[in-house]
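Notes for the structure review
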Amino acid sequence: MFRLIALPLGIGIALAAHAETPTDLVARYAQQAASSQPGFSASAERGRSFFVRKWNVTDKMPDCASCHTERPDRAGSHVITAKPIKPLAPAANPERFSKLAKVEKWFRRNCTEVVGRECSAAEKADLIEFLVATGGA
Amino acid sequence: MMKVKAILICSALLASGSLLADGPRMPREIDKTWIEECGSCHLAYPPSLLTADNWRRMMGGLDRHFGSNASLDAASAAKITAFLERNASTRGQRNASSTLRITDTPWFVREHDEVSPAAWRDPNVKSAANCAACHRGADRGDYDDDDIVIPVTRR
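Procedures and definitions
- Residues numbered from 1 in each chain as written.
- Chains lettered and ligands numbered in written order.
- Predicted model: local features only at pLDDT ≥ 70, side-chain atom pairs only at ≥ 80, totals over all residues.
- Heavy atoms only, no water.
- Helix = DSSP H or I, 4+ residues; strand = E, 2+ residues; numbered from the N terminus.
- Buried < 20%, exposed > 50% of the residue type's maximum accessible area, 1.4 Å probe, protein only.
- Contact = heavy atoms within 4.5 Å.
- Areas by Shrake-Rupley, 256 points an atom, 1.4 Å probe, with all protein chains shown as cover.
- Salt bridge = Lys/Arg side-chain N within 4 Å of Asp/Glu carboxyl O.
- Buried area = accessible area lost by both parts, 1.4 Å probe.
- Polar contact = N/O pair within 3.5 Å; in protein donor to acceptor, adjacent residues only side chain to side chain.
- Nonpolar A, V, L, I, M, F, W, Y, C, P; charged D, E, K, R; others polar.
- Axes fitted to C-alpha atoms, helices over the stretch in contact; angles between N-to-C directions.
- Parallel < 35°, antiparallel > 145°, perpendicular 65-115°, else oblique.
- Left-handed = near helix turned anticlockwise from the far one by under 90°.
- pLDDT = per-residue confidence, 0-100.
- UniProt positions renumbered as here; feature names shortened; annotations may be inferred.

This part is about the overall build of chain B. A count of helices and strands for chain B gives six helices and zero strands. Scanning chain B from its N terminus toward the C terminus, one meets helices and strands in the order α-α-α-α-α-α. Of all 155 residues assigned to chain B, the portion counted as buried reaches 45%. Of the contacts formed within chain B by residues at least 6 apart in sequence, a portion of 58% connects residues at least 24 apart. As presented, chain B carries roughly 9,200 Å² of accessible surface, and 57% of it is formed by carbon and sulfur atoms.

Shown next as structure tokens:
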């Protein structure tokens, strides 16, 4: 009887505790990166170069800016479907980098498409550090 | 240009009869996972515009989805597949296409046979799958013919 009540409650708490902040995520990825690169610390400048770099792996999506524009504090638009995309910078869009599962899903999709491979923990830490440092519009 | 005007006038005349149109209606049941996952890169296309078999095949190959990587975790994919199957077209081959594109189904081609080739190629449209470029209520699932604009860029 008690188990029946306790179980859904426990799930509820686990879900509620699931929200992250962009800074939590930088720390999390930086810690992962440090295991292979001792002393690693996230850099907004490296994050910026990553974000604007032309990888040219595919014709339609040579870089992150193809959909997100070079100004992460502004709205972008999907290069194939033309659907508007809200800004990536948390200052301009507070929903960004608040759910680890969502962040991981889009890194996986967008990195394999644009960069041609998964992004490393170090690249993710740098990129979020850069986006956090980018002010609102 | 004349043709576009004619279509607009014609659709205004037809608007009063739009209650009878057998156009897509969003299902009464809206699945949150579906809206989030299938409405992130483009609008969430009405499930009634493809057959259950077409949806199943599409859901089986999301890692190579019309040239994009739309792969999903297994639990969300199963939930979305069930939702699409429940709300798929009941009109058979009219809503089926071997390319799995709504825009290649006989139904779509027939509804749009008056749209000029120039309108499809317009930079504001980009792709026939960009329903919202012409149907301004598309994000609400509203394709009624009294709310259509055809962007024709003047050069």
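Anyway, onward from the coordinates.
In this section: the pattern of salt bridges. Applying the stated criterion across every chain yields a total of 13 salt bridges over all chains. Residue R48 of chain A pairs with E45 of chain A through a salt bridge whose shortest N-O separation is 3.6 Å. Placement of the pair is R48 of chain A and E45 of chain A together in helix α3 (residues 44-52), with a separation of three residues, close to one helical turn. In this structure R48 of chain A comes out as partly exposed when scored by relative accessible area, which is 37%. Close ionic contact of E29 of chain B with R86 of chain B constitutes a salt bridge, the shortest N to O distance being 2.5 Å. Here E29 of chain B is found in the loop between α1 (2-15) and α2 (32-38), whereas its partner R86 of chain B is found in helix α4 (residues 74-86), with 57 residues between them in sequence. By relative accessible area, E29 of chain B is classed as partly exposed at 33%. With a relative accessible area of 52%, R86 of chain B lands in the exposed category.

Time to look at the interface of chain A and chain B. Listed per partner, the contact involves 13 residues of chain A and 15 residues of chain B. Interface area, chain A with chain B, both sides summed: about 1,200 Å², of which 42% is carbon and sulfur. The largest per-residue losses of area from chain A upon contact with chain B belong to T81, K83 and R109 of chain A, which jointly make up 38% of the total buried on that side. Where chain A meets chain B, there are two salt bridges. Notably, a salt bridge pairs K105 of chain A with E37 of chain B, separated by 2.8 Å at the nearest N-O pair. Inspection of the chain A/chain B interface yields nine residue pairs in polar contact (both at pLDDT 80 or more). Split by residue class, the side of chain A that touches chain B holds five nonpolar, three polar and five charged.

Another point: the packing of helix α2 (residues 22-34) of chain A against helix α6 (residues 121-133) of chain A. Residue and element names in this part refer to chain A. Running from amino to carboxyl end, α2 crosses α6 at an angle of 155 degrees, the nearest separation of the two axes being 8 Å. The orientation of α2 with respect to α6, classified from their angle, is roughly antiparallel. Viewed along their axes, α2 and α6 form a crossing whose handedness is left-handed. Residues P22, L25, V26, Y29, A30, Q32 and A33 of α2 form the contact with α6, whose participating residues are A121, A122, K124, A125, I128, E129 and V132. Here the residues of the contact of α2 with α6 are counted per class, giving 11 nonpolar, one polar and two charged.

Right, let's get into the confidence of the model for chain B. Summary statistics for chain B give a mean pLDDT of 83 and a share of 82% for residues scoring 70 or more. Within chain B, no element has a lower average pLDDT than α1 of chain B, which sits at 42, and none a higher one than helix α3 (residues 52-59) of chain B, at 98.

Turning our attention to the environment of A138 of chain B. Residues and elements named next belong to chain B. For A138, the location among the structural elements is in the segment after α6 (117-121). Of the residues examined, A138 reaches a relative accessible area of 1% and is grouped as buried. In this structure, the C-alpha to C-alpha distance between A138 and I148, residues 10 residues apart in sequence, is 9.7 Å. If sequence neighbours within four positions are ignored, A138 has contacts with L43, C131, A132 and Y143.

Quick look at the UniProt feature "domain: Cytochrome c" (unreviewed entry) in chain A now. Cross-referencing UniProt, the feature "domain: Cytochrome c" (unreviewed entry) maps to residues 42-135 of chain A in the present numbering. Regarding residues 42-135 of chain A, the helix share stands at 44% and the strand share at 4%, and the terminal C-alpha atoms are separated by 18 Å.

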